Amino acid sequence: TLAADEYEGREVGMEGSKKAAEYISNRFSEIGIAPKGTDGFLQSFFVKKTDNPHEKAEIKETGEDGITGYNVIGMIDNAGDEMVIIGAHYDHLGMGGTSSLHRGDTAIHNGADDNASGVAAMLSLAQKLKTVTSNRDILFIAFSGEEKGLWGSNYFVKNPTIDLAKVNFMINMDMVGRLDTARGIAISGTGTTPNWPNIIDTSNTEALKVIMKESGVGPSDHTSFYLQDIPVLHFFTGQHEDYHKPSDDPEKINFNGILKISNVIENIV
């Protein structure tokens, strides 16, 4: 659904991105996830337009002459005071732009792997974890503006709708749609708490080949949380020739692979 042409590549600030936010909000509601944004499931943020590509984006609540994006946030309210955050960005490149690696005619960049795949995994986890008894709350966040520079996650950690001090860890899924069992899956952030390697090993009931990377800093939304001293994990099935091109389409997605990854993450949680 998210990678269909009608969503026009889900570029932040554009109509397709608003449609995507509405779709994710509706799925949260259908699953029975409670709203945890500032306006129902939504948390809006504003970024002022600039002609200088080297100028740091100014991200705030409202403004004029800029781009408005929406994080989509829902929560399973369980017993206990601690919280787990599961996130994935839903925005992509729209019709291309400067981040595109496409050199032909202008075309919709559907971003099936990047990152409709991560959102699909997140929604799958929301559906499964809704039925599991846990002693931690579980917050689900679909971020926008990731492709522009982690806009949505940056705004959230500085304007959280929950108490960040209660967050036990954050899991990010960005490009999990091309699992190759021989190649394996990269999990970054394994050095952000000493417990991660053992937890990952015991949770890997799918016998996935795992490449662990210790750093909690990388080009995706988990970085925003690690910079707030929150342990993180980032799941990633690897680069491919369709990255940031119009050819990143649903027929190339390994759906069973996404399910295996979400099963492992469910075990970790």
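Here is a short report on the structure shown in this document. (Residues numbered from 1 in each chain as written. Predicted model: local features only at pLDDT ≥ 70, side-chain atom pairs only at ≥ 80, totals over all residues. Heavy atoms only, no water.)

Things to note about a negative patch on the surface
Here is step 1: A cluster of acidic side chains, namely Asp5, Glu6, Glu8 and Glu15, defines a negative patch on the protein surface.
Here is step 2: As for its position among the elements, Glu8 is in the segment before helix H1 (15–31).
Here is step 3: Assessed through its relative accessible area of 43%, Glu8 is described here as partly exposed. (Patch = residues over 30% accessible without salt bridge, like charges linked within 9 Å, V, L, I, M, F, W, Y side chains within 5 Å. Areas by Shrake-Rupley, 256 points an atom, 1.4 Å probe, with all protein chains shown as cover. Salt bridge = Lys/Arg side-chain N within 4 Å of Asp/Glu carboxyl O. Lys, Arg positive; Asp, Glu negative; His and termini not counted. Charge placed at Lys NZ, Arg CZ, Asp CG, Glu CD. Helix = DSSP H or I, 4+ residues; strand = E, 2+ residues; numbered from the N terminus. Buried < 20%, exposed > 50% of the residue type's maximum accessible area, 1.4 Å probe, protein only.)

Here we look at the pairing of strand E10 (residues 232–236)
Here is step 1: Counting buried positions along E10 yields 4 of 5 residues, so the element is predominantly enclosed.
Here is step 2: As paired elements, strand E7 (residues 167–173) and E10 share 4 bridges and run parallel to each other. Residue pairing in the sheet places Ile171 in a bridge with Leu233 of E10.
Here is step 3: Where strand E8 (residues 185–188) and E10 come together, 3 bridges link them in antiparallel fashion. Bridge pairing links Ser188 to His234 in E10. (Pairing = 2+ DSSP bridges.)

A short note on the packing of aromatic side chains
Here is step 1: Taken as a whole and assessed by the stated rule, the structure comprises 6 aromatic pairs.
Here is step 2: Between Phe169 and Trp196, the ring centres sit 5.1 Å apart and the planes meet at 80°, which makes this aromatic pair edge-to-face. One end of the pair, Phe169, is in strand E7; the other, Trp196, is in helix H5 (residues 196–203), with 27 residues separating them in the sequence. For the pair formed by Phe169 and Trp196, the shared burial category is buried.
Here is step 3: Every member of this aromatic cluster is reached through a ring pair, and the members are Phe28, Phe41 and Phe140. (Phe/Tyr/Trp six-rings, centres within 6.5 Å; stacked < 30°, edge-to-face > 60°.)

Here we look at the pairing of strand E4 (residues 66–76)
Here is step 1: For E4, the buried fraction is high: 8 of the 11 residues fall into the buried class.
Here is step 2: Both strand E1 (residues 34–35) and E4 contribute to a ladder of 2 bridges, which runs antiparallel. Residue pairing for E4: Ala34 is matched across the bridge by Met75.
Here is step 3: In this structure, strand E2 (residues 42–48) lies alongside E4, joined through 7 bridges in antiparallel fashion. Following the sheet pairing, Ser44 is matched in E4 by Tyr70.

A short note on the environment of Ser144
Here is step 1: Relative to the elements of secondary structure, Ser144 occurs in the loop between strand E6 (137–143) and helix H3 (146–149).
Here is step 2: A sequence separation of 92 residues divides Ser144 from Phe236, and the C-alpha atoms of the two residues are 18 Å apart.
Here is step 3: Excluding residues that lie within four positions of it along the chain, Ser144 makes contacts with Val12, Ser17, Phe45, Tyr70, Asn71, Tyr90, Asp91, Trp151 and Gly152. (Contact = heavy atoms within 4.5 Å.)

A few points about the pattern of salt bridges
Here is step 1: The full count for this structure, using the stated rule, is 7 salt bridges.
Here is step 2: A salt bridge links Lys148 to Glu11; the shortest N-O distance between them is 3.2 Å. Of this pair, Lys148 sits in helix H3 while Glu11 is found in the segment before H1, placing the two residues 137 residues apart along the sequence.
Here is step 3: Overall, Glu11 belongs to the partly exposed group, its relative accessible area being 22%.
Here is step 4: Taking the shortest distance from any N to any O, the salt bridge between Asp242 and Lys252 comes out at 3.1 Å. In this pair, Asp242 sits in the loop between E10 and helix H7 (255–268) while Lys252 sits in the loop between E10 and H7, placing the two residues 10 residues apart along the sequence.
Here is step 5: On the basis of relative accessible area, Asp242 is assigned to the buried category, the value being 5%.
Here is step 6: Overlapping salt bridges, with partners in common, bring together Arg178, Asp242 and Lys252 in one network.

As for unusual backbone geometry
Here is step 1: Asn115 follows Asp114 through a cis peptide bond whose omega is 5°.
Here is step 2: Note that Asn115 resides in helix H2 (residues 112–129).
Here is step 3: Unlike most non-glycine residues, Leu150 shows phi in positive territory, near 60°.
Here is step 4: Within the secondary structure layout, Leu150 lies in the loop between H3 and helix H4 (151–158).
Here is step 5: A positive phi angle, close to 55°, is found at Ala207, a residue other than glycine.
Here is step 6: Looking at the element boundaries, Ala207 is found in the loop between H5 and strand E9 (210–213).

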